[in-house]
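Structural description and commentary
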Amino acid sequence: MKVLVAVKRVIDYNVKVRVKPDNTGVDLANVKMAMNPFCEIAVEEAVRLKEKGVASEIVVVTIGPKAAQEQIRTALALGADRGIHIESDEEVQSLEAAKLLKAVVEKEEPKLVILGKQSIDSDNNQTGQMLAALTGMGQGTFASEVVVDGEKVQVTREIDGGLMTVGLKLPAVVTTDLRLNEPRYASLPNIMKAKKKPLDTMSPADLGVEVSPRLTTLKVEAPASRQAGIKVGDVAELVDKLKNEAKVI
Amino acid sequence: MSILVIADHDNSSLKQSTLNVVAAAKAIGGDIDILVAGENCGSVGEAAAKAEGVNKVLVADNAAYGHTLAENLSELVAEVGKGYGHILASAGTTGKDFMPRVAALLDVAQVSDIMRVESEDTFVRPIYAGNAIATVKASDSIKVVTVRPTAFDPVAAEGGAASVEALDIVKDSGLSEFVSEELAKSDRPDLSSADIVISGGRGMQNGDNFKMLESVADQLGAAIGASRAAVDAGFVPNDMQVGQTGKIVAPQLYIAVGISGAIQHLAGMGDSKVIAAINKDEEAPIFQVADYGLVADLFEAVPELEAELKKVL
């Protein structure tokens, strides 16, 4: 079966985020970018499904500026077979991303679509669910285990009180949580091979989707910073401060 | 325009997060209705009707809604919600699961995890793991919004007298089915709403050592949390994780034990009223946000803490 994986280019998770002085956003100039960590887990899961003989082809798709091709090449080096780049220099919000991905789903007809549960920049946690709704598919969000069985997939989900397992008809959408797997590193030969794998580029207009943001960011500010307090000498002093100064115990 | 709040519940009792979401709805302003979708959930409907400031409670009681399957729930909410100006739910794992589906079915954007209401169409929310705070204006006619419960003080659970109406709408998509559930059983308070939280990190070294935190938690009536490092290392289950991608907590007192304080962890507990930290590394970033820091070996400090609390409590 064919698996479609959607990935996003985001600020590298080790980079310290700085708000721009004019409060219009976050400073991304000359900042290291990388594949969103949850998307790496999505690629890894698809590659494992292929290694198990469940998946026959892995198509990886991204939406973003020209530079986002780097993230497609990374996914190809990890084991994806071909890439689709929907090129857009504009900000693409979750609903528009889901509409673009829906157009790709209609063309590619994958049995399974795997996405990260959220991107670490906008922290929205929306696109996978929206894609599932727009395509009329079932969804297994925040997955910690994915088992494909014939025309069904069982997804174990991380929920607030523990774990929940759902059964979904294929085709279906899965979004990954942290503990689904531990992504591998790409080897140098695979990075070289990835450069020769096919990559199609298209525009949102080619897919018949108009990108029109519904949300306007009015301003972006740094969070109220917390000041470091005091160091206490021992446990007795700590308990005394908590009880008599902070009055929280 | 009126506001529809989707209740958070387990079919027998209403979760407190629903009262936090009603508080967010009050901040927006307008008539507030609550939708309770579940199976054999009549008692939840009655509890919701007592919440302060609620106009009407709609109860959709059907097996299709028993396990909060997003495919069924979203179709119900989209149909009922069409007539409202806002649809609000708690940003727990249930709300995060079905609400974006509702938004897509209604062809509107969603505003996730709001911390503050500026006006009926403008909301404040964290981005980049809380390292930046965005003010966002939504232009759609229906605003689909998930609410960070800890950012709003709950309305009173008692005193209201809303009418309760049964809804006969059954949406069973047939796309998904419930298979099983493994819920952690605990007599301790719920991590997301506890007044005191004590969390362990990689410094705990193994799962057995978390028992030390349990005795302290029992004395304080605290919930127990963990850093991602402790969860990834397999010390404790995932539902204990506090952080950007785990639970967001804002207790009166947060005690961090053997936690270095990565930004992703701080994103989940930085709004706590008082933070105390025990760590043997005095350079640990957790000390930059802690009100009270103790540089000590946790294996000595935690038993001492237990003994000291015994004296004063």
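Below you will find a few notes about this structure. The model shown is predicted, which means the values in this text are computed figures rather than measured ones. (Residues numbered from 1 in each chain as written. Chains lettered and ligands numbered in written order. Predicted model: local features only at pLDDT ≥ 70, side-chain atom pairs only at ≥ 80, totals over all residues. Heavy atoms only, no water.)

**Overview of the overall build of chain A**
Summing up its helical and strand segments, chain A has six helices and 13 strands in all. Seen through its principal axes, chain A has C-alpha atoms that stretch 65 × 45 × 40 Å. Among the 249 residues that make up chain A, the fraction classed as buried is 54%. The contacts of chain A with a sequence gap of at least 6 include a subset with a gap of at least 24, amounting to 69%. Of the roughly 11,000 Å² that chain A leaves accessible, carbon and sulfur atoms contribute 49%. Taken together, the 34 basic and 35 acidic charged side chains of chain A have centroids lying 2 Å from each other. (Helix = DSSP H or I, 4+ residues; strand = E, 2+ residues; numbered from the N terminus. Buried < 20%, exposed > 50% of the residue type's maximum accessible area, 1.4 Å probe, protein only. Contact = heavy atoms within 4.5 Å. Areas by Shrake-Rupley, 256 points an atom, 1.4 Å probe, with all protein chains shown as cover. Lys, Arg positive; Asp, Glu negative; His and termini not counted. Charge placed at Lys NZ, Arg CZ, Asp CG, Glu CD.)

**A short note on the packing of aromatic side chains**
Throughout the structure, instances matching the rule amount to zero aromatic pairs over all chains. The lysine or arginine in question, Lys117 of chain A, covers the ring of Phe142 of chain A, its NZ or CZ lying 5.7 Å from the ring centre. Across from the ring centre of Phe287 of chain B, 4.8 Å away, lies the NZ or CZ of Lys231 of chain A, which sits over that ring. (Phe/Tyr/Trp six-rings, centres within 6.5 Å; stacked < 30°, edge-to-face > 60°. Lys NZ or Arg CZ within 6 Å of the ring centre and 35° of its normal.)

**Side note on the sheet that holds strand E14 (residues 253–257) of chain B**
Judged by pairing direction, the sheet is parallel, and its six strands sit side by side in the order E13(A)-E16(B)-E15(B)-E14(B)-E12(B)-E13(B) without closing on themselves. Edge positions in the sheet fall to strand E13 (230–232) of chain A together with strand E13 (223–226) of chain B, since each of these pairs with one other strand and no more. For this sheet, the mean angle separating the axes of adjacent strands, direction not counted, is 20 degrees. Pairing analysis gives four bridges linking strand E15 (residues 274–279) of chain B to strand E16 (residues 292–295) of chain B, with the strands arranged parallel. When the bridges of E16 of chain B are listed, Ala277 of chain B appears paired with Gly293 of chain B. Running at roughly 170 degrees to E16 of chain B, helix H6 (residues 235–245) of chain A makes contact with E13 of chain A together with E14, E15 and E16 of chain B of the sheet. Each of strand E12 (196–200), E13 and E14 of chain B is contacted by helix H5 (residues 210–220) of chain B, which is oriented at about 175 degrees to E12 of chain B, the strand it contacts most. (Pairing = 2+ DSSP bridges. Axes fitted to C-alpha atoms, helices over the stretch in contact; angles between N-to-C directions.)

**Side note on the pairing of E13 of chain B**
Here E13 of chain B shows a buried face lined by Ala223 and Gly225 of chain B and a second buried face lined by Ile224 and Ala226 of chain B. On the question of chirality, the crossover connecting E12 of chain B to the parallel E13 of chain B by way of H5 of chain B is right-handed. (Right-handed = clockwise from strand over helix to strand, strands pointing away.)

**Considerations on a negative patch on the surface**
Together, Asp234 of chain A together with Asp297, Glu300 and Glu304 of chain B line one region of the surface with negative charge. Here Glu304 of chain B shows up in helix H8 (residues 298–312). When its relative accessible area of 41% is taken as the criterion, Glu304 of chain B is described as partly exposed. (Patch = residues over 30% accessible without salt bridge, like charges linked within 9 Å, V, L, I, M, F, W, Y side chains within 5 Å. Salt bridge = Lys/Arg side-chain N within 4 Å of Asp/Glu carboxyl O.)

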